[in-house]
Amino acid sequence: MRGSCLCGQVEYEVTQLDSPIRHCSCRTCRKAHAAAFNTSAGVQREHFKWRKGTEVLKSFESSPGKRRYFCGNCGSQLVAQRNGSEMFILRVATLDDDPGQRPEAQIWASDEVPWLEHGPQIPSYPEWTPQHK
Ligand SMILES: [Zn+2]
Ligand SMILES: [Zn+2]
């Protein structure tokens, strides 16, 4: 499977996911991703390879010993890693291919925003709303 950032300067390749996919609703993920939750999965180092763009990667230590890596040009969050860990925490939404697995859990539900509505209770359109000009 391949993945990339928004601007395309960073690309990576993953041969398999090594943990279940989970949604994380914690405050730190919400701010880092500017989204209601972040979807991630663990990938062992030997199953992850940067294809290009490592020179534009930036990182931020969001909690002690944990760094979040993102494209320094467009800001896409790509992976996180804990000091000394052999596991990358992959940001599944940056994959360009379907990993085949489906999320198995939501964590940090205690931090979930009160405004998150997604699913059959709100109208859904394949692209813009019909009113969009
Ligand atoms: Zn980028
Ligand atoms: Zn989180």
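These lines cover the structure that appears in this document, whether it is placed above or below. (Residues numbered from 1 in each chain as written. Chains lettered and ligands numbered in written order. Predicted model: local features only at pLDDT ≥ 70, side-chain atom pairs only at ≥ 80, totals over all residues.)

Take the environment of Cys 71 next. Within the secondary structure, Cys 71 is located in strand β7 (residues 66-71). In this structure the C-alpha to C-alpha distance between Cys 71 and Leu 57, which are 14 residues apart in sequence, comes to 4.8 Å. Setting aside anything within four residues of it in sequence, one finds Cys 71 in contact with Cys 5, Cys 7, Gln 9, Val 10, Gly 53, Val 56, Leu 57, Ser 76 and Leu 78. (Helix = DSSP H or I, 4+ residues; strand = E, 2+ residues; numbered from the N terminus. Contact = placed C-beta atoms within 7 Å.)

Moving on, we get to the sheet that holds strand β1 (residues 2-4). Pairing is antiparallel across the open sheet formed by three strands, whose spatial order is β1-β2-β5. Single-partner strands in this sheet number two, and they are β1 and β5 (48-52). Across the sheet, the mean angle from the axis of one strand to that of its neighbour is 30°, orientation sign disregarded. Where strand β2 (residues 11-14) meets β5, four bridges bridge the pair, whose relative direction is antiparallel. Counted as the bridge partner of Glu 13 is Lys 49 from β5. (Pairing = 2+ DSSP bridges. Axes fitted to C-alpha atoms, helices over the stretch in contact; angles between N-to-C directions.)

Keep in mind these values describe shape, not function.
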